[in-house]
Amino acid sequence: MKMKRESKLVRIFIGDSDKISSIPVYEKIVIEAKKEGLAGATVFKGIMGFGGTSRIHTSKILRLSEDLPLIIEIVDEEEKIEKFLKILEQIFEEANCGGLITIEKAEVIHYKAVEKK
Amino acid sequence: MKMKRESKLVRIFIGDSDKISSIPVYEKIVIEAKKEGLAGATVFKGIMGFGGTSRIHTSKILRLSEDLPLIIEIVDEEEKIEKFLKILEQIFEEANCGGLITIEKAEVIHYKAVEKK
Amino acid sequence: MKMKRESKLVRIFIGDSDKISSIPVYEKIVIEAKKEGLAGATVFKGIMGFGGTSRIHTSKILRLSEDLPLIIEIVDEEEKIEKFLKILEQIFEEANCGGLITIEKAEVIHYKAVEKK
C-alpha cells in the first residue's frame, strides 16, 4: 500500500552524552516522537564531528567519556512536525545542551505492509 | 573534474531485517541502483528507531532477531530518479515491508578523479 | 537559548580510504570546517554503497583495504557555506578522489547551552 504527501524532514544534531537526569536526550526524543504518533524516528551515530561544543570528537580515540555526534531523523506531515518542534524545544531546555535542528520540505512516499489473509 | 547540476536526493527508510527471498531489501536496492547506472547509493545503519512497524528498536538490547533501522541515500538527475522510483515500488511490493521514502531537490556537485598520465 | 535562520545543508559523499598525504579526506574536511568557524560538521560511516568508484563496497566482507562510503554533514548560513565550498573544491582537487556534494536549503534552529551561575 502506497501513500504520497508533502511532508517535513526534521534532523536533530546532538551528542550521545547529552542527558536529562540519566536518560540520553536521543532516547527521550525517540520515545516522545513515538508517543506523539509520528511516522518514524531514526538515530544514527557519527564517527567524528563537532557542533554544540567546540571540540572535535572522534571515535578513533577510545575514551569512555567520549561525546560522539548523533543525528535523529524524523519525517511527518507539517502539522505534526510543528507540534513536535515545541516538545523538542522543551527537551533542549530541560537538557540544557547545545544542538542544531534542520527542517526541510520533502515529498514522502509511505509504504505499508499489506497483511496476508 | 567538477560538474554541477540540479538533482534529486532520495532517502529510503527501512529495517535491516526486511528481506526478499533471503536477500536483504537494502542490498537489493543498492544492486538495482548500480544496474540502473545511478551516480551513487549509500546505506547507513541506525542505532535506534521506529517506523514501518510500531516497535522501538535499539542496538542496546543485543538480540539476533533485532530489526535496526537503515537509511539508503541515492542522488541523481530527476529523470533517472523518477525511473528508479518505479523499481523501488516493485521492490517494496515484492518485499511487502513497511518503509518511507523522502524525495528532495538538491544542487549537486560531482567530482571525478582525473587519471594521471 | 534558541536562534532560528535560513541556512544551507551540505552533504559530502566520499570513501573512507580517500587520503591527502596520509590524512583521510574526511578528517581534513572536518578540521577545515572547524578552522572556518562553521556551526558543525558530522561524519557518518555507511555499511554498503557505491559512488565515486564503480564498485559496490560492503562491510560484510572484512578486508583491510575496504573503502566504505562516508557522509559528512555541514550546516551553516549561505555566505559561510559558499566560502567553504571553495575550500572543499581545493581539497577534492588535492586528493584527486571522486565524490559527490549535495547542497540543500534548510531552516535551522540553533540551541546553545546556557551557563549556570
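Preceding this paragraph is the structure being described.
Anyway, here's the lowdown on the structure attached to this text.

Cut-offs applied
- Residues numbered from 1 in each chain as written.
- Chains lettered and ligands numbered in written order.
- Predicted model: local features only at pLDDT ≥ 70, side-chain atom pairs only at ≥ 80, totals over all residues.
- Least-squares fit on C-alpha atoms with pLDDT ≥ 70 in both.
- Contact = placed C-beta atoms within 7 Å.
- Helix = DSSP H or I, 4+ residues; strand = E, 2+ residues; numbered from the N terminus.
- Pairing = 2+ DSSP bridges.
- Nonpolar A, V, L, I, M, F, W, Y, C, P; charged D, E, K, R; others polar.
- Buried ≥ 20, exposed ≤ 12 C-beta atoms within 10 Å, placed from the backbone.
- Axes fitted to C-alpha atoms, helices over the stretch in contact; angles between N-to-C directions.
- Parallel < 35°, antiparallel > 145°, perpendicular 65-115°, else oblique.
- Left-handed = near helix turned anticlockwise from the far one by under 90°.

1. Digging into the relation of the copies chain A and chain C
Moving on, step 1. Of the two same-sequence chains, chain A is brought onto chain C (RMSD 0.0 Å, axial shift 0.0 Å) by a rotation of 120°. The symmetry that links the two subunits is that of a three-fold axis. Among all residues of chain A, the minimum C-alpha distance to the rotation axis is found for Phe44 of chain A, at 4.5 Å.
Moving on, step 2. An overlap of only 9% is found between the interface residues of chain A and their copies at the interface of chain C, pointing to separate contact surfaces.

2. Some points on the interface of chain A and chain C
Moving on, step 1. With 23 residues of chain A at the contact, the number on the chain C side is 22 residues.
Moving on, step 2. Going through the elements one at a time, strand E5 (48–50), strand E7 (69–76), helix H2 (78–95) and strand E8 (99–111) of chain A are the ones with two or more residues in the side of chain A that touches chain C.
Moving on, step 3. Of the residues forming the side of chain A that touches chain C, the biggest block, six residues, is contributed by E8 of chain A.
Moving on, step 4. In terms of strand pairing, E8 of chain A meets strand E8 (residues 99–111) of chain C through five bridges, oriented antiparallel. Note that in E8 of chain C the partner of Leu100 of chain A across the bridge is His110 of chain C.

3. Quick word on the relation of the copies chain B and chain A
Moving on, step 1. Least-squares fitting of chain B to chain A yields an RMSD of 0.0 Å, with the superposition described by an axial translation of 0.0 Å and a rotation of 120°.
Moving on, step 2. Little of the interface of chain B is mirrored in chain A, where only 9% of its interface residues are also at the interface.

4. Some points on the interface of chain B and chain A
Moving on, step 1. Each partner contributes residues to the interface: chain B has 23 residues there, and chain A has 23 residues.
Moving on, step 2. Where the side of chain B that touches chain A is concerned, the elements lending two or more residues are strand E5 (48–50), strand E7 (69–76), helix H2 (78–95) and strand E8 (99–111) of chain B.
Moving on, step 3. Ranked by residues supplied to the side of chain B that touches chain A, first place goes to E8 of chain B with six residues.
Moving on, step 4. Partitioning the side of chain B that touches chain A into residue classes produces 13 nonpolar, eight polar and two charged.

5. Overview of the environment of Ile109 of chain B
Moving on, step 1. Tracing the sequence through the fold places Ile109 of chain B in strand E8.
Moving on, step 2. By the C-beta count within 10 Å, which is 20 here, Ile109 of chain B ends up buried.
Moving on, step 3. Residues Ile109 of chain B and Met3 of chain B, spaced 106 residues apart in sequence, show a C-alpha to C-alpha distance of 5.6 Å.
Moving on, step 4. Residue contacts for Ile109 of chain B: discarding those within four places in its chain leaves Lys2 and Lys4 of chain B together with Ile101 of chain C.

6. A look at the pairing of strand E7 (residues 69–76) of chain C
All names here are of chain C.
Moving on, step 1. The buried fraction of E7 amounts to eight of the eight residues, a majority that puts the element mostly inside the structure.
Moving on, step 2. Where burial is concerned, the two faces of E7 agree: the one with Pro69, Ile71, Glu73 and Val75 and the one with Leu70, Ile72, Ile74 and Asp76 are both buried.
Moving on, step 3. Note that strand E1 (residues 2–15) and E7 share eight bridges and pair antiparallel. Directly across from Val10, in E7, lies its bridge partner Ile74.

7. A word on unusual backbone geometry
Moving on, step 1. One non-glycine residue, Asn96 of chain A, lies in the positive phi region at around 45°.
Moving on, step 2. Following the sequence through the fold, Asn96 of chain A ends up in the loop between H2 and E8.
Moving on, step 3. Residue classification places Asn96 of chain A among the partly exposed residues on the basis of 15 C-beta atoms within 10 Å.
Moving on, step 4. Of note in this structure, Ser21 of chain B is not a glycine but carries a positive phi near 55°.
Moving on, step 5. Mapped onto the elements, Ser21 of chain B comes out in the loop between strand E2 (19–20) and strand E3 (23–24).

8. A short note on the environment of Ala39 of chain C
Moving on, step 1. Tracing the chain through its elements places Ala39 of chain C in the loop between helix H1 (25–35) and strand E4 (41–45).
Moving on, step 2. Residues Ala39 of chain C and Glu27 of chain C, spaced twelve residues apart in sequence, show a C-alpha to C-alpha distance of 16 Å.
Moving on, step 3. For Ala39 of chain C, the contacting residues outside a window of four places in its chain are Leu100 of chain A together with Val75, Asp76 and His110 of chain C.

9. Examining the packing of H1 of chain C against helix H2 (residues 78–95) of chain C
In a pair of packed helices, the angle between the axes and the distance between the axes together describe the arrangement.
Residues and elements named next belong to chain C.
Moving on, step 1. Two elements in contact, H1 and H2, have axes separated by 11 Å at closest approach and are oriented at 155°. Between H1 and H2, the crossing angle belongs to the class labelled roughly antiparallel. Once H1 is placed against H2, the crossing between them reads as right-handed. Of the residues in H2, those in contact with Val25, Lys28, Ile29, Glu32 and Ala33 of H1 are Phe84, Ile87, Leu88, Ile91 and Ala95.
Moving on, step 2. Per-class residue counts for the contact of H1 with H2 are eight nonpolar, no polar and two charged.

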